[in-house]
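What the coordinates show
Residue strings, one per chain:
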Amino acid sequence: MKKITYYQRLFQTCYQLLKVRAVNLGWLLLMAILVTLHILMLNAGLVAIKVVLIICFMVGLVFEINLILTAITTNKTILNQTDLLMMTAWRRLGKRWVSLTGFVLLLAILWLPFGDAGFTAPVLNLVMIPASWVDLFVLQRRIAVAVLVVVYFGLLYGFLQILGHLRVTVKPELVPINGWHRLVWFFRPLIAFWLPLFIVNHAVVWGLRGLGNQLTNGVSNGVSLVILILLVTLSLLMLSAFLIAMIWESIAQPKFVPEFDETDDQLHSMAWFPTGLVFVLIALFGFQAFHFGAVASPSVTVAHRGVIGENGVPNSVAALEKTVRQNPNFVEIDVQETKDGYFVVSHGDRVNLEGRPKHQTKAIQRMTLKQALARPINYHGQTTHLVELSTYLTAAQKTRQRVMVELKVTPLDSHDMTKRFVAQYGQQLVDHHDFVHTMSYQTVLKLKQYNSNLIVGYVVPLNLMSIKQLPADFYSLQAIGLNTTMVRQAHSIGSPVFVWTPDRVHDMQMMRILGVDGQITNQLTQLQQVNRQPVKQFNWAIVENMINQFC
């Protein structure tokens, strides 16, 4: 006898569940709410409506999961009477609602590394974190990242505990499974559904990107829209299967072969209208995505660390002299304070000790200006020395090159570091229309306090928080994990957005789709080429931006 595979058994279960009218209609209603939410997420504002839809979706998902568990474990009589099935599910919900609510909430958080279901990350972008906490994260980011990893696995353990509790609550005859052995309930469906979905989605987008130059504008727009609609539909189906698979795994993969009093046509007759509605909403979402995903104006070009590719040692005057020939709008450099209160241009806060092994270094903050300037800097076979900020600014001003200075903040800085910086360079930066940005929000406030005419930006370390309560003249956001919600938040308070550090052409194209104002990159000439590209070459980025919300 031919062995039935994992996929066959699961898809048979899903197909039989869809014959249950209440389950079918409930799932379609949830899809309609989710796609409507996606459409609204493309628009700024309407926060109250979005919150209501999110609550409706989460509550509906709790009831739908309970309905699925009830359908799988009930008898034929109840299954064939929709009213009786709903009443039974409602009674059982009274005993399960705490566990099911915890299951849904934890799943929304655990899913963040794999996609955000279209609303998780934007909702987190509304969370207001105190500036002091954000600065603590920056100063102790290695510890903070380790803590986040521990918290994530703690939440995963709690999630598996809830699944284990549901297992014995739904089917008391099952043997309890404890500990990390339950990981299979999460990771097997993840590998079976999310991973193939991720590969298919991105392979199709990769192919669409390759067709960018081959198609006319009209054809490119039409093909891209159809592909987006199909990929969104596929994503919703696969992620629904993933959710059912987790539940099915936790209750020992039961065989679900119900007996119905009606034929398949009769069972599915009521589903045609909601199915059509969901598909229409997906199509509308696609049209809206292309409408609001129109390519932004060409990006302001910023040479990261003052270099283009490997044209010199980063943050060196020699590299600056080569870079300015390509006419960047800004060169971006990094500044560290020395022990005696001066400022040198350096990205890292440590330099190698002369005559010592490479791993033996010393913090610039523990060196005097003279000591720091004497240290040779080696970079890909090139050697130079650190320079004082005044030297670099003088060289930039000779060529009328504007500079964006990142003021690095470390625990070793002097207590009045910001005041010293403004006293030495504040008015000079203002006079030449240069920018300053920093990853410490307290430093942003102090810079503006000491010289209100300075153009001061905030380098946001996390893309998972609100920036509305952290006003700045501009924002520098990380390209990884960036979404339109963050960009719109900045624009809503009149602040432009720079993004760091997209170095590949397709990353630069994606940033323009997200609506950023400037890009800080190591590949300046490539960014200049992207700024000149026709609109049709960005269609793939609109598709990928939408698909990234799912996986």
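Below: a short report on this structure. (Residues numbered from 1 in each chain as written. Predicted model: local features only at pLDDT ≥ 70, side-chain atom pairs only at ≥ 80, totals over all residues. Heavy atoms only, no water.)

Some words on the overall build of the protein
Stated precisely, the cut-off is as follows: Segments assigned H or I by DSSP are reported as helices when at least four residues long, segments assigned E as strands when at least two residues long, and all are numbered from the N terminus. For every residue, the accessible area obtained with a 1.4 Å probe (protein chains only) is divided by the maximum for its type, and the residue is called buried under 20%, exposed over 50%, and partly exposed between those limits. Only heavy atoms matter for contacts: two residues are in contact if any of them lie within 4.5 Å across the pair. Computed with a 1.4 Å probe, the accessible areas rest on the Shrake-Rupley method; for each residue, only the protein chains presented here act as cover. Under the convention used here, Asp and Glu are negative, Lys and Arg are positive, and both His and the chain ends fall outside the count. Every charge is mapped to an atom, namely NZ of Lys, CZ of Arg, CG of Asp or CD of Glu.
Per the secondary structure count, the protein includes 21 helices and 14 strands. Its C-alpha atoms give the protein principal-axis dimensions of roughly 90 × 55 × 50 Å. Classification of the 551 residues of the protein by burial places 53% in the buried group. For the protein, the share of sequence-separated contacts (at least 6 apart) that also reach a separation of at least 24 residues comes to 69%. Surface exposure of the protein reaches about 25700 Å², of which carbon and sulfur atoms provide 62%. Here the protein holds 44 positive side-chain charges and 30 negative ones, and the gap between their average locations is 4 Å.

A word on the packing of aromatic side chains
To keep things clear, this is the line we draw: Centres within 6.5 Å make a pair out of two Phe, Tyr or Trp rings, where for Trp the six-membered ring is used; the pair is then stacked when the planes are under 30 degrees apart, edge-to-face when over 60, and tilted otherwise.
Summed over the entire model, instances satisfying the criterion amount to 22 aromatic pairs. Ring geometry for Phe103 against Phe159: centres 5.0 Å apart, planes inclined by 25°, an arrangement best described as stacked. Highlighted residues: Phe103 in helix 5 (residues 82–110) and Phe159 in helix 8 (residues 141–170), separated in sequence by 56 residues. Exposure remark for Phe159: the relative accessible area of 0% places this residue in the buried category.

Details of the environment of Lys322
With respect to the element layout, Lys322 can be found in helix 13 (residues 317–323). Among the residues examined, Lys322 registers a relative accessible area of 40% and is labelled partly exposed. Considering only alpha carbons, one finds Lys322 and Asn311, 11 residues apart in sequence, at a separation of 7.1 Å.

Remarks on the pairing of strand 14 (residues 518–521)
Regular strands show a simple pattern: their side chains alternate between the two faces of the sheet. The cut-off we apply is this: In this analysis, strands are considered paired if DSSP registers two or more bridges between them. A right-handed crossover is one whose linking path, passing over the helix from the first strand to the second, runs clockwise when the strands point away from the viewer.
Burial of strand 14 is two-sided: the residues Gly518 and Ile520 facing one way and the residues Gln519 and Thr521 facing the other way are all buried. With 4 bridges joining them, strand 1 (residues 300–304) and strand 14 adopt parallel strand pairing. Following the sheet pairing, Thr301 is matched in strand 14 by Gln519. Alignment of strand 13 (residues 497–500) against strand 14, held across 3 bridges, turns out to be parallel. Bridging from a neighbouring strand, Val499 pairs with Gln519 of strand 14. This β-α-β element, strand 13 to helix 19 (residues 505–514) to strand 14, shows right-handed connectivity.

Describing a nonpolar patch on the surface
The criterion, for reference: A patch is a set of surface residues, each over 30% in relative accessible area and not in a salt bridge, joined within 9 Å for like charges and within 5 Å for the nonpolar side chains Val, Leu, Ile, Met, Phe, Trp and Tyr. A pair is scored as a salt bridge if a Lys or Arg side-chain nitrogen falls within 4 Å of a carboxyl oxygen belonging to Asp or Glu.
On the surface, Val145, Val149, Phe153, Tyr157 and Trp180 cluster together into a nonpolar patch covering about 460 Å² of accessible area. Within the secondary structure layout, Val149 lies in helix 8. Val149 gets classed as partly exposed once you look at its relative accessible area, which sits at 43%.

Points about helix 2 (residues 21–41)
Rules: Working rule for helices: expected span equals 1.5 Å times residues minus one.
The end-to-end C-alpha distance of helix 2, which contains 21 residues, comes to 30 Å, matching closely the 30 Å that a straight helix rising 1.5 Å per residue would cover. Of all 21 residues in helix 2, 17 are buried, a share of seventy percent or more.

Re the packing of helix 2 against helix 10 (residues 217–250)
Two packed helices can be described by the angle between their axes and the distance between those axes. Rules: The angle between two axes is taken between their N-to-C directions and runs from 0 to 180 degrees, where each axis is a line fitted to C-alpha atoms and a helix contributes only its stretch in contact. In these notes the angle categories are as follows: under 35 degrees is roughly parallel, over 145 is roughly antiparallel, 65 to 115 is roughly perpendicular, and the rest is oblique. Left-handed describes a crossing whose near helix is turned anticlockwise from the far helix by less than a right angle; the clockwise case is right-handed.
With their axes 12 Å apart at the nearest point, helix 2 and helix 10 run at an angle of 125° to one another. Viewed along their axes, helix 2 and helix 10 adopt a mutual orientation that is oblique. Of the two possible hands of crossing, helix 2 and helix 10 adopt the one that is right-handed. Residues Trp27, Met31, Leu34 and Val35 of helix 2 form the contact with helix 10, whose participating residues are Leu236, Leu237 and Ser240.

Some points on the layout of surface pockets
So the rule is basically this: Using a 1 Å grid laid over the protein atoms alone, points where a 1.4 Å probe fits but cannot get out form a cavity; open sets with protein on both sides within 12 Å along at least 5 of 7 lines form a pocket; any residue with an atom within 4 Å of a point counts as lining. Grid points are joined across faces, edges and corners, and a volume is the space filled by probe spheres set on the points. Here the term charged refers only to Asp, Glu, Lys and Arg, the term nonpolar to Ala, Val, Leu, Ile, Met, Phe, Trp, Tyr, Cys and Pro, and the term polar to all other amino acids, Gly among them.
The computed volume of the second largest pocket comes to approximately 740 Å³. Lining the second largest pocket are 33 residues, and of these Leu236, Leu239, Ser240, Ala241 and Leu243 sit closest to its centre. At the level of elements, helix 1 (6–18), helix 2, helix 3 (47–73), helix 5 and helix 10 are the ones that each hand at least two residues to the lining of the second largest pocket. No other element matches helix 10, which puts 10 residues into the lining of the second largest pocket. Class assignment of the residues belonging to the lining of the second largest pocket gives a composition of 30 nonpolar, 2 polar and 1 charged.

What about the pattern of salt bridges?
The final tally for this structure, using the stated rule, is 6 salt bridges. Across the pair Asp334 and Lys408 runs a salt bridge whose closest N-O atoms are separated by 4.0 Å. Pair noted here: Asp334 is in strand 2 (residues 330–337) and Lys408 is in the loop between strand 9 (403–407) and helix 16 (417–431), with a separation of 74 residues, a long-range link. Here Asp334 matches Lys408 in class, with each residue buried. The salt bridge partner of Arg504 is Asp507, with a shortest N-O separation of 2.9 Å. The partly exposed category is assigned to Asp507, whose relative accessible area is 22%. Residues joined by salt bridges that share partners form a network here, namely Asp334, Glu406 and Lys408.

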